[in-house]
Amino acid sequence: MRIQSVNVGRAVPVPYTDAPSGTTGIDKRAVPGPVQVAAPGPKGTGASGVDGDDVCDLRFHGGDDRAVYAFAREDLDAWEQELRRALPNGSFGENLTTSGLDVSGALIGERWRVGSDLLVEVTGGRLPCRTFAAWLGEEQWTKRFTRVGRTGAMLRVLAPGAVRGGDTVSVVHRPDHDITTGLLFRACTLERELLPGTLVAADAMESEQLQMALAYARKYGHAEKPATARPSSVPAPSAGAPRSATPDAAS
């Protein structure tokens, strides 16, 4: 399990963002390392945790709960086949493009050691926004991305450090529940009845998705529908770490 590349984006003006600045940093490009990664500060004031990376709409992106966004190269490869176009590392606005790691199958609260010093914790998946859809320029992109549900992982920085392409990733902690980024994404989008059941991961969950789960639970009570395997029209990556093994940021 490795980091294929570290990707950063600089703010540029675009006509399709709702950011008050009229800019976005979603066009992320691979950069040589080492790149420093640290907790950026609370939501609304903190931006990206990756040095040199711009987050332009602090209302919805960045902050400690979404300091870093990771996406699997295997998932980009599957989308390349589906969309019939090249998707270089960083195409989905991710800061870390990984290989050999089932990012969308990571548990909320799972912790990764990246390189020698950086320690991060999975907090949730990426909920697609208007900027992401316009950036990709694919017809009905939000619906297609949501249906597939390979959402990547938002990460909280527990211990700062430097990262570069080629660094190893080790899963050093997995919590005692089954709430993955993919399952939480489904609960927040297509299967809202699953939301109360995701609260077993509340301690590590990023704030927006946590508030969605809490609000649903207050209104409707506990979920009765059990979590099931995610349907997908794009194949899940075959190179991801087995789940039985012990061991939007974006704009």
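Residues numbered from 1 in each chain as written. Predicted model: local features only at pLDDT ≥ 70, side-chain atom pairs only at ≥ 80, totals over all residues. Heavy atoms only, no water.

Structural notes on the overall build of the chain
Logical step 1: Helix and strand content of the chain: five helices and twelve strands.
Logical step 2: A burial count over the chain gives 55% of its 251 residues as buried.
Logical step 3: Split by element, the accessible area of the chain, about 10,700 Å² in all, is 51% carbon and sulfur. (Helix = DSSP H or I, 4+ residues; strand = E, 2+ residues; numbered from the N terminus. Buried < 20%, exposed > 50% of the residue type's maximum accessible area, 1.4 Å probe, protein only. Areas by Shrake-Rupley, 256 points an atom, 1.4 Å probe, with all protein chains shown as cover.)

Side note on the pairing of strand 7 (residues 96–99)
Logical step 1: Burial along strand 7 is two-sided: Leu 96 and Thr 98 facing one way and Thr 97 and Ser 99 facing the other are all buried.
Logical step 2: One ladder, built from four bridges, connects strand 1 (residues 2–8) with strand 7; its direction is antiparallel. Counted as the bridge partner of Ser 5 is Thr 97 from strand 7.
Logical step 3: Pairing geometry for strand 6 (residues 68–72) and strand 7, over three bridges, is parallel. When the sheet's bridge partners are listed, Ala 72 is paired in strand 7 with Thr 98. (Pairing = 2+ DSSP bridges.)

Focus on the packing of aromatic side chains
Logical step 1: The final tally for this structure, using the stated rule, is eleven aromatic pairs.
Logical step 2: When the centroid spacing of 4.9 Å and the interplanar angle of 50° are considered together, the rings of Phe 71 and Phe 92 count as tilted. Taken as a pair, Phe 71 in strand 6 and Phe 92 in the loop between helix 1 (73–83) and strand 7 lie far apart in primary sequence, 21 residues in all. For the pair Phe 71 and Phe 92, one class covers both residues: buried.
Logical step 3: Judged by centre distance (5.2 Å) and plane angle (90°), the ring pair of Phe 132 and Phe 145 falls under edge-to-face. Here Phe 132 is found in helix 2 (residues 130–136), whereas its partner Phe 145 is found in helix 3 (residues 141–148), with 13 residues between them in sequence.
Logical step 4: Take Phe 132: its relative accessible area is 0%, and that puts it in the buried class. (Phe/Tyr/Trp six-rings, centres within 6.5 Å; stacked < 30°, edge-to-face > 60°.)

Remarks on the sheet that holds strand 4 (residues 29–31)
Logical step 1: Spatially, the eight strands line up as an open sheet ordered 4-1-7-6-10-9-8-12, and their pairing is mixed. The open sheet is flanked by strand 4 and strand 12 (169–173), the only strands paired with a single partner. On average, each strand axis in the sheet is tilted by 40° relative to the strand beside it, whichever way the strands run.
Logical step 2: For strand 9 (residues 118–124) and strand 10 (residues 153–159), the ladder comprises five bridges, and the chain directions are antiparallel. Bridge pairing in strand 10 places Val 120 opposite Val 157.
Logical step 3: Most of the contacts of helix 1 go to strand 6, to which it runs at about 60°, and overall it touches strand 1, strand 6 and strand 7. (Axes fitted to C-alpha atoms, helices over the stretch in contact; angles between N-to-C directions. Contact = heavy atoms within 4.5 Å.)

Some thoughts on helix 5 (residues 207–220)
Residue pairs spaced three or four apart in an α-helix point in one direction, given the helix's 3.6 residues per turn.
Logical step 1: With 14 residues, helix 5 ought to run about 20 Å at 1.5 Å a step, and its terminal C-alpha atoms sit 20 Å apart, in line with that.
Logical step 2: When helix 5 is considered as a whole, its buried residues turn out to be Gln 209, Leu 210, Met 212, Ala 213 and Ala 217. Viewed along the axis of helix 5, the buried residues span an arc of 160°, placing them on a single side of the element. In this structure, helix 5 carries Arg 218 and Lys 219 as exposed residues pointing more than 90 degrees from its buried face.
Logical step 3: Among the structural elements, strand 9 and helix 4 (181–188) are those in contact with the buried residues of helix 5.
Logical step 4: Near the N-terminus of helix 5, the side chain that reaches the backbone nitrogen of Glu 208, with its oxygen 3.1 Å away, is that of Glu 206. (Expected span 1.5 Å × (residues − 1). Arc of directions from axis to C-beta. Polar contact = N/O pair within 3.5 Å; in protein donor to acceptor, adjacent residues only side chain to side chain.)

Considering the nonpolar core
Logical step 1: In terms of nonpolar packing, the biggest core is built from 39 residues, with Val 68, Leu 96, Ile 108, Trp 112, Val 114, Leu 155 and Val 163 touching the most fellow members.
Logical step 2: The element that contributes the greatest number of residues to this core is helix 4, accounting for four residues.
Logical step 3: Membership of the second largest hydrophobic core comes to 16 residues, among which are Ile 26, Leu 76, Phe 145 and Met 154. (Core = buried A, V, L, I, M, F, W, Y, C linked by side-chain atoms within 4.5 Å.)

Some words on the side chain of Thr 24
Logical step 1: Looking at the secondary structure, you find Thr 24 in strand 3 (residues 23–24).
Logical step 2: Overall, Thr 24 belongs to the buried group, its relative accessible area being 3%.
Logical step 3: At 3.1 Å, the side chain of Thr 24 forms a polar contact with the backbone nitrogen of Ile 26.

Some words on helix 3
Logical step 1: Taken residue by residue, helix 3 has Trp 141, Arg 144, Phe 145, Thr 146 and Val 148 as its buried positions.
Logical step 2: Against the buried residues of helix 3 lie strand 6, helix 1, helix 2 and helix 4.
Logical step 3: Once helix 3 finishes, Gly 149 follows within two positions and takes phi at roughly 75°, a positive value.

Some details on the pattern of salt bridges
Opposite charge on two side chains permits pairing when their charged atoms draw close.
Logical step 1: Taken as a whole and judged by the stated rule, the model has 17 salt bridges.
Logical step 2: A salt bridge links Asp 65 to Arg 156; its shortest N-O distance comes to 3.0 Å. Remark: Arg 156 occurs in strand 10 and Asp 65 occurs in the loop between strand 5 (35–37) and strand 6; sequence separation between them is 91 residues.
Logical step 3: Under the relative-accessibility criterion, Asp 65 is labelled partly exposed at 22%.
Logical step 4: Arg 156 sits in the buried class, given a relative accessible area of 15%. (Salt bridge = Lys/Arg side-chain N within 4 Å of Asp/Glu carboxyl O.)

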